[in-house]
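Read off the chains here:
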Amino acid sequence: FCSGYIEVFLQDYWKKMSGTSDNLLADTMVAAQAEVIEPKKFVPPTTVSSPPTNIEGMLYGLPYDPFEKELIQGRAFAHDMCFRLGQISPVDPVSRTKIVEQLLGTCGRGVYIQPPFFCDYGANIHLGDGVYLNTNCIFLDDAPIIVGSQTMFAPGVQLLTATHPVEPIARLSGKEYARPITIGSRCWFGGGSIVCPGVTIGDGAVVGAGAVVTKDVPPYTVVAGSPAKIINTVPRLTPEES
């Protein structure tokens, strides 16, 4: 009885909050979870139509429907690969590398991902040579995520390209949009730092632990705080000096 009462209460609450007799977002999510999903690796389009398709809109910053079948299948593939990555023995780096190469859009030489790791599509993630991800990193790659060589991520770093309308009724429509994240070479991200949609971070930058990066970061600067602000600069040493 108690659980049934709570369900009725919540349904009535969301009807009042959305200002409509139907909760379209809930209906869409229920339908999306009503059947077994066939995982299929997402293949990003290489051209843009006129007008853009729904999937092209996702990649180029336009409102799009994330419940299109091809996108659901793409996320299922990536989530399954992330799950498999987490099941591989830590003494089997060969199998781990094979999974990572199948998951990512671009996997440079010597890329190392310490599971657990989570992403939405994988195909929109492009990592340069020697990129290192410590445990519990989350890369929501609805739009492209590009990371330059020799960049390091501490545990729990989040790169979030996906976002939603601020206005509640528009948000409940289920439409969302995404902005790309671009990161230069030889950057360092402290534990628990978050990079928001549309941010570009220059070469050699350092992001402090727990920082929330909402704006672009110039090369060879140190940012920290929420929102992140420049607190220092990074010396530019030659290999011999370092």
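Our subject is the structure listed above.
Reading the values: rules and limits
Residues numbered from 1 in each chain as written. Predicted model: local features only at pLDDT ≥ 70, side-chain atom pairs only at ≥ 80, totals over all residues. Heavy atoms only, no water. Helix = DSSP H or I, 4+ residues; strand = E, 2+ residues; numbered from the N terminus. Polar contact = N/O pair within 3.5 Å; in protein donor to acceptor, adjacent residues only side chain to side chain. Contact = heavy atoms within 4.5 Å. Pairing = 2+ DSSP bridges. Buried < 20%, exposed > 50% of the residue type's maximum accessible area, 1.4 Å probe, protein only. Arc of directions from axis to C-beta. Core = buried A, V, L, I, M, F, W, Y, C linked by side-chain atoms within 4.5 Å. Salt bridge = Lys/Arg side-chain N within 4 Å of Asp/Glu carboxyl O.

### Description of the side chain of threonine 151
Along the chain, threonine 151 turns up in the loop between β7 (145-147) and β8 (152-153). Here glycine 148 takes part through its backbone oxygen, which lies 3.5 Å from a polar atom of the side chain of threonine 151. In contact with threonine 151, other than residues within four places in its own chain, are Gly130, Val131, Tyr132, Ile183, Gly184, Ser185, Arg186, Cys187 and Phe189.

### Some details on the environment of alanine 162
Within the fold, alanine 162 resides in strand β10 (residues 162-163). Considered as a pair, alanine 162 and proline 197 are 35 residues apart in the sequence and their alpha carbons are 6.4 Å apart. Apart from residues lying up to four places away in sequence, alanine 162 is in contact with Leu140, Asp142, Glu176, Tyr177, Ala178 and Pro197.

### A word on the sheet that holds strand β14 (residues 194-195)
The sheet built from five strands is open, its strands ordered β3-β6-β9-β14-β17 with parallel pairing. A strand with exactly one partner marks an edge of an open sheet, and here the two such strands are β3 (117-119) and β17 (212-213). The pairing of β3 with strand β6 (residues 137-140) spans three bridges and is parallel. Within the sheet, the bridge partner assigned to phenylalanine 117 lies in β6 and is cysteine 137.

### Digging into the pairing of strand β19 (residues 229-233)
Consecutive residues of a regular strand have side chains that alternate between opposite faces of the sheet. Along β19, only zero of the five residues are buried, which leaves the element largely exposed. Of the strand pairs in this sheet, strand β18 (residues 221-224) and β19 are connected by four bridges, and their pairing is antiparallel. Along β19, the bridge assignment pairs alanine 224 with lysine 229. Linking two consecutive strands that pair antiparallel, namely β18 and β19, is a turn of four residues; a positive phi of about 95 degrees is found at glycine 225 within it.

### With respect to helix α5 (residues 93-103)
The α-helix advances 3.6 residues per turn, and as a result positions three or four apart in sequence lie on the same side. All buried positions along α5 are accounted for by Arg96, Ile99, Val100 and Leu103. Taken end-on, α5 shows its buried residues confined to a sector of 100 degrees, consistent with a single buried face. Where α5 is buried, its residues contact α4 (69-87), β1 (106-107), β2 (112-113) and β3.

### Description of the nonpolar core
In this structure, Phe117, Leu127, Phe139, Phe153 and Ile201 are the most contacted members of the largest nonpolar core, which totals 38 residues. Once residues lying within four places of it in the same chain are set aside, the contact partners of phenylalanine 139 are Phe117, Phe118, Cys119, Asp120, Ile125, Leu127, Leu133, Ile145, Phe153, Val157 and Leu159.

### Looking at the pattern of salt bridges
This model, assessed by the stated rule, comprises one salt bridge. Of the charged contacts, one joins arginine 84 and aspartate 80 as a salt bridge, the two residues approaching to 3.0 Å between their closest N and O atoms. With arginine 84 and aspartate 80 both in helix α4 and four residues apart, the pair spans about one turn of that helix. According to the relative accessible area criterion, arginine 84 is partly exposed, its value standing at 46%. The class for aspartate 80 is partly exposed, based on a relative accessible area of 28%.

### Observations concerning the sheet that holds β18
What the seven strands build is an open sheet, ordered β2-β5-β8-β13-β16-β18-β19; its pairing is mixed. Sheet topology places β2 and β19 at the edges, where each strand pairs with a single neighbour. In the sheet, strand β16 (residues 206-207) pairs with β18 via two bridges, with the strands oriented parallel. Paired with valine 206 across the bridge in β18 is valine 222.

### Some words on unusual backbone geometry
A cis geometry characterises the amide bond from serine 50 onward to proline 51, with omega recorded as 0 degrees. Looking at the element boundaries, proline 51 is found in the loop between α2 (24-32) and α3 (54-59). Along the chain, serine 226 connects to proline 227 via a cis peptide bond; the corresponding omega equals -5 degrees. Considering the arrangement of structural elements, one finds proline 227 in the loop between β18 and β19. In this model, arginine 186 sits at a positive phi of 55 degrees, which is unusual for a non-glycine residue. Mapped onto the fold, arginine 186 is located in the loop between β12 (181-183) and β13 (188-189). The exposed category is assigned to arginine 186, whose relative accessible area is 55%. Even without a glycine there, the phi angle at tyrosine 220 is positive, about 55 degrees. Among the structural elements, tyrosine 220 can be located in the loop between β17 and β18. The partly exposed category is assigned to tyrosine 220, whose relative accessible area is 24%.

Everything listed is a geometric property; what it means functionally is a separate question.
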